Amino acid sequence: MSPAGSCVVGLGIDIVEVSRIRRMVARHDTATLRLVFTEGEQLRAGDSADPPTHLSVCFGAKESVGKALGTGLAAFRWHEVDSDVHADGLGVDLSGAAADVAIRRRVHRWVAHWRRLGGHVLVSAVALGPTRAI
Amino acid sequence: MTAPVDPHERDAAAVGRAVLEILVELGIEADDVTPGARLRGDLELDSTETVEVTLELKRRLDVDVQLESGEDITVDGVCARVLAAGMQGA
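Residues numbered from 1 in each chain as written. Chains lettered and ligands numbered in written order. Predicted model: local features only at pLDDT ≥ 70, side-chain atom pairs only at ≥ 80, totals over all residues. Heavy atoms only, no water.

Enquirer: Is there a simple way to think about the overall build of chain B in this case?
Expert: In terms of regular secondary structure, chain B is built from 3 helices and 0 strands. Across the 90 residues that make up chain B, the buried fraction comes to 40%. A fraction of 60% describes how many contacts in chain B between residues 6 or more apart in sequence connect residues 24 or more apart. On chain B, roughly 4,900 Å² of surface is accessible, and the fraction owed to carbon and sulfur atoms is 48%. (Helix = DSSP H or I, 4+ residues; strand = E, 2+ residues; numbered from the N terminus. Buried < 20%, exposed > 50% of the residue type's maximum accessible area, 1.4 Å probe, protein only. Contact = heavy atoms within 4.5 Å. Areas by Shrake-Rupley, 256 points an atom, 1.4 Å probe, with all protein chains shown as cover.)

Below you can see the structure in the form of structure tokens.
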């Protein structure tokens, strides 16, 4: 059930293998990684207990947002989705072309979650819009 | 006397070599990396591997190219995007 006053505009789910993100991060410097991860995501990951898992959640959130918007990552850049990862949830903030797509789709709120599944993280993002008039 | 090498052809060759090396490092057979091979449909790259290609192109050639698109981009298409983005440092 969607929160009162909202309807579901889109849903995206993604699963990410943490070891692959760990390798990716090890191979590239922070400036290069800015093509994918925002400065905030990298800083928060650095302060976290498990940076590879943290960034895997961020990566999955970008994919999930793209799926929920119905465009995939073709319509915007990876770093235009900023994720604030918490132990029990996930906040997403869009900028640039990603925010433009969300406005066109009338998305006014995101509800995102993640959980660890062995060596993977599972991330979901629900795009909520205003309730349609009947 | 040897004719001067067209800078665009030289750059295109360097980009082609870099793209081939990056894909081989990802585990793709070199013989499968043909100009018309599609990243997803033929080479079976997933989104993480596609991002790896983007990051390696940035690291090696200092170019920022977006490979995610509505269509399944070919190896030739990757090279064209790199050249269009303005290759530096190859």
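Next comes the rest of the description.
Enquirer: Explain the confidence of the model for chain B to me, please; I cannot follow it from the model alone.
Expert: Taken as a whole, chain B shows an average pLDDT of 87; of its residues, 84% reach a score of 70 or greater. Taken over the whole predicted complex, pTM reads 0.88, whereas the ipTM for its chain interfaces reads 0.83. (pLDDT = per-residue confidence, 0-100.)

Enquirer: What is the right way to read the environment of I22 of chain B from this model?
Expert: Residue and element names in this part refer to chain B. Here I22 is to be found in helix 1 (residues 7-25). What makes I22 buried here is its relative accessible area of 2%. A C-alpha to C-alpha distance of 17 Å links I22 and G36, two positions 14 residues apart in sequence. Discounting residues that sit within four places of it in the chain, I22 has contacts with V53, E56, L57 and R60.

Enquirer: Explain empty space enclosed by the protein here, please?
Expert: Rolled over the atoms, a probe sized like a water molecule indicates the empty space that remains. Tallied over the entire structure, the rule returns 1 cavity of 30 Å³ or more. Estimated volume of the largest cavity: approximately 40 Å³. Forming the walls of the largest cavity are L35, R77 and W78 of chain A together with T54, V65, Q66 and E68 of chain B. (1 Å grid on protein atoms, 1.4 Å probe; cavity = no way out; pocket = protein on both sides within 12 Å on 5 of 7 lines; lining within 4 Å. Points joined across faces, edges and corners; volume = space filled by probe spheres on them.)

Enquirer: Mind showing me how you'd approach the environment of T30 of chain A here?
Expert: Residue and element names in this part refer to chain A. Residue placement: T30 occurs in helix 2 (residues 30-33). With a relative accessible area of 55%, T30 lands in the exposed category. Sequence separation of T30 and V92 is 62 residues, and the distance between their C-alpha atoms is 21 Å.

Enquirer: Is there a simple way to think about the nonpolar core in this case?
Expert: Where a protein is soluble and globular, its nonpolar side chains tend to be buried together. In terms of nonpolar packing, the biggest core is built from 38 residues, with F59, V65, L69, L94 and W110 of chain A touching the most fellow members. Those elements that place two or more of their residues in this core are helix 1 (18-27), helix 4 (51-69), strand 2 (81-86), strand 3 (89-94), helix 5 (96-104), strand 4 (109-117) and strand 5 (120-130) of chain A together with helix 2 (47-61) of chain B. When residues of this core are assigned to their parent elements, the largest contribution, 8 residues, is made by helix 4 of chain A. Leaving out residues up to four positions away in the same chain, L69 of chain A has contacts with F76, L94, A98, V101, A102, R105, V107 and W110 of chain A. Residues L43, V53, V78 and V82 of chain B belong to the second largest nonpolar core, which totals 22 residues. (Core = buried A, V, L, I, M, F, W, Y, C linked by side-chain atoms within 4.5 Å.)

Enquirer: Any chance you could explain the packing of aromatic side chains here in plain terms?
Expert: Any pair of aromatic rings gets described here by the distance separating the centres and the angle formed by the planes. Residues and elements named next belong to chain A. Applying the stated criterion across every chain, the model contains 1 aromatic pair over all chains. With 4.7 Å between their ring centres and 25° between their planes, F59 and W78 make a pair best called stacked. On the criterion of sequence distance, the pair formed by F59 in helix 4 and W78 in the loop between helix 4 and strand 2 is long-range, its members being 19 residues apart. The class of F59 is buried, set by a relative accessible area of 0%. (Phe/Tyr/Trp six-rings, centres within 6.5 Å; stacked < 30°, edge-to-face > 60°.)

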